[in-house]
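Fold and geometry: a report
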Amino acid sequence: MSTSHAPPGSPSHDMSPKSASATTEDRDDDPDAPDLETLRPSAARRTRVPRWLRRTTGPVLLLALWQLLSSTGVLSADVLASPGRIARVAGDLIGDGSLASAMGTSLRRVALGLLLGLLIGGGLALLAGLFRVGEDLVDAPVQMLRTVPFVGLIPLFIIWFGIGEAPKVAVITLGVTFPLYLNVYAGIRGVDARLVEAGESLGLTRRGLVRHVVLPAALPGALTGLRYALGVAWLALVFAEQINADAGIGFLMVQARDFLRTDVIVVCLIVYAFLGLLADFIVRSLERLLLQWRPTFTGR
């Protein structure tokens, strides 16, 4: 079988490493040789605007439009207070300590309800996800209960627990439990069976499979459920603090509603949004810390 060699002037001969190196050296020695521009992707050639600036542009423009409408009288103070007025009211609430006290009370309620929801929802999901008997006993009742609006259970909670802190925490707990259950259960049942088979072939026991294969693979779904549960927790708090509350952000909103203080109501809504954004940032930081082993697409 004969072997053909490329002629000296062929492309394959010219593209050899030695020839490319020689060509580069000749180009460096020849001042008349044209300069070659290194090609870069179009995304790299675009002007890089700081991400924090892009993310703050929308809210700043919205505030500017809001202030403009208030200054021109399109938005009256009775309908919606101006941003300047809201900033002054927020400063007054911070100065007299009422806002800090209300935030502390609301945070305690959310923290307790979230903890109970994590224990109940996560425990039920582990029971139903890891064991077929647990699925038969747990999944159907949970799927039935999650279709019942948790806000509609507030009258029952008042009858069962009174009008103290218990019904407020119970509403938050119920709102948190179902998102956690659904996402953790789906994460466990979504583990690739080939990973389990590989673990068994390596001699892992059932406990080892759960610890080293199932739970790490289900962790992304669990963190997604936690983010969703936190959003529901703040929504449930709004309803919970309407139950004969004498402290908390919801209590400030009820008082402001009675006196037609739209500025105080907007301050409370901003506080709710800030606390929810802070909680979401914490969970996203946990995702980056705990899921470093999973490369994901971050956009272009």
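Here the structure is a predicted model, which is why all the values come from computation and not from measurement.

Across its full length, the protein chain holds 13 helices and zero strands. Ordered by position from the N terminus, the helices and strands of the protein chain form the series α-α-α-α-α-α-α-α-α-α-α-α-α. Among the 300 residues that make up the protein chain, the fraction classed as buried is 31%. In the protein chain, 70% of the contacts between residues at least 6 apart in sequence involve partners at least 24 apart. Counting only carbon and sulfur atoms, one obtains 65% of the accessible surface of the protein chain, whose full area is about 19900 Å².

Let us now look at the packing of aromatic side chains. Scanning all chains against the criterion turns up four aromatic pairs. Seen from their ring centres, Tyr 181 and Tyr 185 are 5.7 Å apart, and the 5 degrees between their planes marks the pair as stacked. In this pair, Tyr 181 and Tyr 185 are both assigned in helix H9 (residues 165–189), four residues apart and thus about one turn of the helix distant. Exposure class is identical for Tyr 181 and Tyr 185. Each is buried. The rings of Phe 157, Trp 160 and Phe 161 are connected pair by pair, giving a single aromatic cluster.

On to the pattern of salt bridges, then. Counted by the stated rule, this structure contains six salt bridges. The residue Glu 241 makes a salt bridge to Arg 109 at a minimum N-O spacing of 2.8 Å. Of this pair, Glu 241 sits in the loop between helix H11 (206–240) and helix H12 (249–258) while Arg 109 sits in helix H6 (residues 98–130), and the two are 132 residues apart along the sequence. Grouping residues by exposure puts Glu 241 and Arg 109 together as buried. Between Asp 280 and Arg 227 there is a salt bridge, and its shortest N-O distance comes to 2.9 Å. Of this pair, Asp 280 sits in helix H13 (residues 262–290) while Arg 227 sits in helix H11, and the two are 53 residues apart along the sequence.

A separate point is the confidence of the model for the protein chain. Interpretation of this model should avoid reading the predicted coordinates in detail wherever pLDDT is low. For the protein chain, the average pLDDT comes to 77, and 81% of its residues sit at 70 or higher. Taking the mean pLDDT of every element in the protein chain, the minimum, 45, falls on helix H1 (residues 11–14) and the maximum, 88, on H6. Per-residue pLDDT stays below 50 along residues 1–25; that stretch engages in eight contacts with residues further than four places along the chain or on separate chains.

Bringing helix H5 (residues 83–95) into the picture now. The terminal C-alpha atoms of H5 lie 18 Å apart, and with 13 residues this matches the ideal 18 Å at 1.5 Å per residue to within 8%. Along H5, the residues that are buried comprise Pro 83, Ile 86, Val 89, Ala 90 and Leu 93. The buried residues of H5 occupy one face: seen down the axis, they fall within an arc of 120 degrees. Turned more than 90 degrees from where H5 packs its buried face, Arg 88, Asp 92 and Gly 95 sit exposed. Just downstream of H5, Gly 97 is the residue with a positive phi angle, here 85 degrees.

Parameters at a glance
Residues numbered from 1 in each chain as written. Predicted model: local features only at pLDDT ≥ 70, side-chain atom pairs only at ≥ 80, totals over all residues. Heavy atoms only, no water. Helix = DSSP H or I, 4+ residues; strand = E, 2+ residues; numbered from the N terminus. Buried < 20%, exposed > 50% of the residue type's maximum accessible area, 1.4 Å probe, protein only. Contact = heavy atoms within 4.5 Å. Areas by Shrake-Rupley, 256 points an atom, 1.4 Å probe, with all protein chains shown as cover. Phe/Tyr/Trp six-rings, centres within 6.5 Å; stacked < 30°, edge-to-face > 60°. Salt bridge = Lys/Arg side-chain N within 4 Å of Asp/Glu carboxyl O. pLDDT = per-residue confidence, 0-100. Expected span 1.5 Å × (residues − 1). Arc of directions from axis to C-beta.

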